[in-house]
Amino acid sequence: MGLLSSIASTAGAAFSIATSGSYDIDWKDPKVRDAVIVHWKEVKEKADAALPLAGLRLTKEQKAKLDELLKQKGVFPDEPTDYLLDNLPDAIPPASLNRIIGGVIDDCLKNHNHKEIPTISTGTE
């Protein structure tokens, strides 16, 4: 039963990603970066849920870059870093980022005006 449950869960995640809205987000834009920082908990939750499919969608080079960014832990860190955010679009293609977390970021950009953005570490220490 565990294998069937795992397959169903993976299929559900794949369907969710495939049917989610299409967004045109510039992942290098400072406003997008601020939105990711402010909504990191939700971004992390959605991104972590999509990680099991990463091996199916990413090139060998992208997967290696993602593994480096995740520090071989297999999940996103509890807090983002400058290094992670600067390099994420190189590890995960923007179209995939749009499908996975675009809804969160698009909603933020359209409906929120965050006056204070939390400070994050550089991630290079």
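Our structure's up above, just so we're on the same page.
Bear in mind the structure is a predicted one, so any value in this text is a computation, not a measurement.

## Re the pattern of salt bridges
Consideration 1: On inspection of all chains with the given rule, the structure shows 6 salt bridges.
Consideration 2: The salt bridge involving D106 is made with K110; its shortest N-O contact spans 3.1 Å. One end of the pair, D106, and the other, K110, are both in helix α7 (residues 94-111), 4 residues apart, so they sit about a helical turn from each other.
Consideration 3: Relative accessible area serves as the criterion here: at 62%, K110 is assigned to the exposed category.

## Observations concerning the packing of aromatic side chains
Consideration 1: Tallied over the entire structure, the rule returns 1 aromatic pair.
Consideration 2: Both rings, one in W40 and one in F76, keep their centres 6.1 Å apart while their planes meet at 75°; by these two values the pair is edge-to-face. With W40 in helix α3 (residues 40-50) and F76 in the loop between α5 (60-69) and α6 (82-91), the pair connects residues that are 36 residues apart, well separated along the chain.
Consideration 3: By relative accessible area, which is 3% here, F76 ends up buried.

## Some thoughts on empty space enclosed by the protein
Consideration 1: In total, this model carries 1 cavity of 30 Å³ or more according to the counting rule given.
Consideration 2: Of the voids in this model, the largest cavity is the one considered here, and its volume is about 180 Å³.
Consideration 3: What lines the largest cavity is a set of 18 residues, among which A50, A54, I92, S96 and I100 lie closest to the centre.
Consideration 4: Contributing elements (two or more residues each) for the lining of the largest cavity: α3, α4 (54-57) and α7.
Consideration 5: Looking at the lining of the largest cavity, its residues break down into 16 nonpolar, 1 polar and 1 charged.

Conventions and cut-offs
- Residues numbered from 1 in each chain as written.
- Predicted model: local features only at pLDDT ≥ 70, side-chain atom pairs only at ≥ 80, totals over all residues.
- Heavy atoms only, no water.
- Salt bridge = Lys/Arg side-chain N within 4 Å of Asp/Glu carboxyl O.
- Helix = DSSP H or I, 4+ residues; strand = E, 2+ residues; numbered from the N terminus.
- Buried < 20%, exposed > 50% of the residue type's maximum accessible area, 1.4 Å probe, protein only.
- Phe/Tyr/Trp six-rings, centres within 6.5 Å; stacked < 30°, edge-to-face > 60°.
- 1 Å grid on protein atoms, 1.4 Å probe; cavity = no way out; pocket = protein on both sides within 12 Å on 5 of 7 lines; lining within 4 Å.
- Points joined across faces, edges and corners; volume = space filled by probe spheres on them.
- Nonpolar A, V, L, I, M, F, W, Y, C, P; charged D, E, K, R; others polar.

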